[in-house]
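Working through the structure, step by step
Take a look at the letters that make up each chain.
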Amino acid sequence: MRLSRYFMPILKENPKEAEIVSHRLMLRAGMIRQQSQGIYSWLPLGKRVLDKVNAIIRDEQNRAGAIELSMPTLQSAELWQESGRYDAYGKEMLRIKDRQDRPMLYGPTNEEMVTDIFRSSVKSYKDLPLNLYHIQLKFRDEIRPRFGTMRSREFMMKDAYSFDLTREGAEHSYNKMFAAYLRTFDRLGLRAIPMRADTGPIGGKLSHEFIILADTGESEVFCHKDFVDFDIPGAHTDFDSVEGLQAIFDKWTSLYAATSEMHDEAAFNAVPEGGRLSARGIEVGHIFYFGTKYSEPMGAKVQGPDGKEHFVHMGSYGIGPTRLVPAIIEASHDDNGIIWPASVAPFDIVVINMKAGDQACDDTCELIYAALTKAGKDVLYDDTDDRAGTKFATADLIGVPVQIIAGPRAVANGEVEVKDRKTGARETMTIEAAINRFVA
Ligand code: 5CA
């Protein structure tokens, strides 16, 4: 992508409305724009990061055996009257009437709709287990939307829904998502700790929130320090192994970890003092087992091996991609801007032409840009005629992991500089060596 032809509206000033660093940097880097309170556009740079986050989420959902579908944002109120949540959900639900005066709503979550899809076609235990997910916009009329897309009214959610014949089966489905979440957040460059959590309007008894420790987090959390160094399940984890996944769940729940709603002061104080961590955190995922809470009122049942009908046991599993992007920034930035983990960076490499219009600089940059693009890298080429200082500041701000800098003096020697955004380390090397380093 040539920057001269791209749309990346950088802000020079710090936006006054932004209270936390991630919100400030997302606005300054031209990633998002607020359209009305708690409702955002994702501009091209932001959209690239969001897409990369979603690709990792999708990859790990698929690995764990979940199946993607797509459900609408607008739902009929009837479904919610069946489950009994239409009135219970309260003011957070945006209620709308269509031209026939039929009550509709902008979905805050999809338990009812997915249960409806399930009951319309699944009739036998032989079709279980089943886990269906989608990545979709949701709307919750939050009383206090804030911190940009961290807590917005319209936000994106990956929500998965599992269906099993028995409670034991549902626990295995829960464990699959539990392990998939550990892997997902790790690939996003984050350390998320599963904590016992309150179930709120979703319901059920068994629930974990996945929390990233951050001073700006909205949740107060309490956990054992050792979680910070626990091993993440590997890529070859067998998601069909009941014992294997139970062992992962048991290990990751063996030490104290709870959000403030579930906090047990006495149990926490039993942790040796050096191991106690009381901190603030960002909830990036939340999983629930709620048994037959929706399948009973909505009549979602299957024939079991005993020939009788059984209400299915369900769970739901949420991740917030539009919250994850600022959460990653909270965890990874410095005074100059964002430092993206390579897995979600909007571009892999930025090529900086320090003197656009200078033939040697232009030729060198074009050569590098073409070679790296051909090798499958996402490359941003800063071919604008801004001052070199502005270009460096922009490259640091938008956090691309590698900068290749071509200035007249180095280029005259057949050389460029390669800078690592995270460490700041710079290396001068031949143009060929710079290309070869990234074309493995
Ligand atoms: N149906 C269940 C799980 S699929 C559910 O709705 N769970 S939730 O309410 O906990 O939301 C799931 C995830 O969505 C949260 O962990 C969070 O990452 C994200 N999320 C929830 N509310 C917001 C919001 N207002 N802004 C941004 N992300 C949000």
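Residues numbered from 1 in each chain as written. Predicted model: local features only at pLDDT ≥ 70, side-chain atom pairs only at ≥ 80, totals over all residues. Heavy atoms only, no water.

We now examine helix α2 (residues 44–63). End to end, α2 covers 29 Å across 20 residues, agreeing with the expected 28 Å (1.5 Å per residue, within 8%). Of all the positions in α2, only Leu45, Gly46, Val49, Leu50, Lys52, Val53, Asn54, Ile56, Ile57, Glu60 and Gln61 are classed as buried. Remark: Gly65 follows α2 within two positions and exhibits a positive phi of approximately 95°. (Helix = DSSP H or I, 4+ residues; strand = E, 2+ residues; numbered from the N terminus. Expected span 1.5 Å × (residues − 1). Buried < 20%, exposed > 50% of the residue type's maximum accessible area, 1.4 Å probe, protein only.)

Glancing now at the packing of aromatic side chains. By convention here, two paired aromatic rings are described through the distance between centres and the angle between planes. Within the structure shown, the criterion is met by 18 aromatic pairs. Residues Phe178 and Phe249 carry aromatic rings whose centres are separated by 5.0 Å and whose planes lie at 65° to one another, so their mutual orientation is edge-to-face. Here Phe178, found in helix α6 (residues 167–187), pairs with Phe249, found in helix α7 (residues 242–252); they are 71 residues apart in sequence, far enough to count as distant. Geometrically, the ring pair formed by Phe227 and Trp252 is stacked, given 6.0 Å between the ring centres and 25° between the ring planes. (Phe/Tyr/Trp six-rings, centres within 6.5 Å; stacked < 30°, edge-to-face > 60°.)

Strand order across the open sheet formed by five strands is β20-β19-β21-β22-β23, with mixed pairing between neighbours. Of all strands in the sheet, those with a lone pairing partner are β20 (379–382) and β23 (426–430), marking the two edges. Going across the sheet, the axis of each strand differs from the next one's by a mean of 25°, ignoring polarity. Against the sheet, helix α12 (residues 388–398) touches β19 (349–353), β20, β21 (402–406) and β22 (415–420), its axis set at about 175° to β19. Sitting on the sheet, helix α14 (residues 431–438) is in contact with β19, β21, β22 and β23, with an inclination near 110° to β23. (Pairing = 2+ DSSP bridges. Axes fitted to C-alpha atoms, helices over the stretch in contact; angles between N-to-C directions. Contact = heavy atoms within 4.5 Å.)

A word on the packing of helix α1 (residues 21–28) against helix α10 (residues 321–331). Contact geometry for α1 and α10: axes closest at 8 Å, N-to-C directions at 110°. With respect to α10, the axis of α1 lies roughly perpendicular. Contact residues: Val21, Ser22, Leu25 and Met26 in α1; Val325, Pro326, Ile329 and Glu330 in α10. (Parallel < 35°, antiparallel > 145°, perpendicular 65-115°, else oblique.)

Before going further, it helps to spend a moment on the domain arrangement of the protein. If you check the domain split of the protein, you get domain 1 (3–338) and domain 2 (349–439). Look at where the C-alpha atoms of domain 1 and domain 2 centre, and you get two points 38 Å apart. Across the domain 1 to domain 2 interface the summed buried area is about 1100 Å²; carbon plus sulfur atoms make up 59%. On the domain 1 side of the contact with domain 2, Leu3, Asn336 and Ile338 bury the most area, a combined 43% of that side's loss. One can count three salt bridges joining domain 1 with domain 2. With a closest N to O distance of 3.8 Å, Asp378 and Arg48 form a salt bridge. Connecting domain 1 to domain 2 are eight residue pairs in polar contact (both at pLDDT 80 or more). Where the side of domain 1 that touches domain 2 is concerned, the elements lending two or more residues are α1, α2 and β18 (337–338). The leading source of residues in the side of domain 1 that touches domain 2 is α2, at three residues. Across the side of domain 1 that touches domain 2, the residue classes break down as eight nonpolar, three polar and four charged. (Domains from an automatic or database assignment. Buried area = accessible area lost by both parts, 1.4 Å probe. Salt bridge = Lys/Arg side-chain N within 4 Å of Asp/Glu carboxyl O. Polar contact = N/O pair within 3.5 Å; in protein donor to acceptor, adjacent residues only side chain to side chain. Nonpolar A, V, L, I, M, F, W, Y, C, P; charged D, E, K, R; others polar.)

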